[in-house]
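# Coordinates in review
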Amino acid sequence: MFKNLFKPKWQSAKPQVRIQALQHLNVNDAKDFHVIELMAKGDSESEVRLAAIKRIPQRDKLVTLIQQEKDGSVRQRAIEHLINVLTAS
């Protein structure tokens, strides 16, 4: 019971809680950004990976994540995000 009390929200068993936790992570903070990257690379749920990918503004990191992504739908939406990042620059 108490082990979940102090567990970070991004480690929740519920995908929606992890997605909400992503919104509170600061991409400019190295520790938070590391968590975002971990979630983008390895979360078990495609919707969580995509939510994390959409928080990443660095082109090179996005390209790497797109190359590693196995889910075609997530890969396509990540490419769309990369295009948005490129056109916003």
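None of these values were measured; they are calculated from a predicted model.

### A few points about the overall build of the chain
Each helix and strand in the chain was counted, giving 5 helices and 0 strands. Beginning at the N terminus, the succession of helices and strands in the chain can be written as α-α-α-α-α. In terms of C-alpha radius of gyration, the chain reaches 13 Å, essentially the compact-globule figure of 12 Å for 89 residues. Seen along its three principal axes, the alpha-carbon backbone of the chain occupies a region of about 45 × 25 × 15 Å. The buried share of the chain, reckoned over its 89 residues, is 35%. Counted over contacts in the chain with a minimum sequence separation of 6, partners at least 24 positions apart contribute 47%. Surface summary for the chain: the accessible area is close to 6,100 Å², and the carbon and sulfur share equals 53%. Between the averaged position of the 15 positive side-chain charges in the chain and that of its 10 negative side-chain charges there is a distance of 4 Å.

### Some words on the nonpolar core
Side chains of a nonpolar character, in soluble globular proteins, are inclined to be buried together. Counting 21 residues, the largest nonpolar core has L22, I53 and I56 as the members making the most contacts within it. Once residues lying within four places of it in the same chain are set aside, the contact partners of I56 are F33, I36, E37, A40, K61, L62, L65, H81 and V85.

### Focus: helix α5 (residues 72-88)
With 17 residues, α5 should reach 24 Å at 1.5 Å per residue; the first-to-last C-alpha distance of 24 Å fits that figure. Elements that come into contact with the buried residues of α5 comprise α3 (46-53) and α4 (59-68). Two or three places before S73, at the opening of α5, D71 has a side-chain oxygen 2.8 Å from that residue's backbone nitrogen.

### Regarding the confidence of the model for the chain
The predicted model of the chain has a mean per-residue pLDDT of 94, with 94% of residues at 70 or higher. Mean pLDDT values for the elements of the chain range from 96 in α5 up to 98 in α3.

### Some remarks on the pattern of salt bridges
All chains considered together, the criterion is met by 3 salt bridges. Among the salt bridges present, the one from D43 reaches R18, with a minimum N-O distance of 2.8 Å. Of this pair, D43 sits in the loop between α2 (30-42) and α3 while R18 sits in helix α1 (residues 15-23), and the two are 25 residues apart along the sequence. Classification of R18 by relative accessible area gives buried; the value is 7%.

Reading the values: the criteria
Residues numbered from 1 in each chain as written. Predicted model: local features only at pLDDT ≥ 70, side-chain atom pairs only at ≥ 80, totals over all residues. Heavy atoms only, no water. Helix = DSSP H or I, 4+ residues; strand = E, 2+ residues; numbered from the N terminus. Rg over C-alpha atoms; globule rule 2.2 N^0.38 Å. Buried < 20%, exposed > 50% of the residue type's maximum accessible area, 1.4 Å probe, protein only. Contact = heavy atoms within 4.5 Å. Areas by Shrake-Rupley, 256 points an atom, 1.4 Å probe, with all protein chains shown as cover. Lys, Arg positive; Asp, Glu negative; His and termini not counted. Charge placed at Lys NZ, Arg CZ, Asp CG, Glu CD. Core = buried A, V, L, I, M, F, W, Y, C linked by side-chain atoms within 4.5 Å. Expected span 1.5 Å × (residues − 1). Polar contact = N/O pair within 3.5 Å; in protein donor to acceptor, adjacent residues only side chain to side chain. pLDDT = per-residue confidence, 0-100. Salt bridge = Lys/Arg side-chain N within 4 Å of Asp/Glu carboxyl O.

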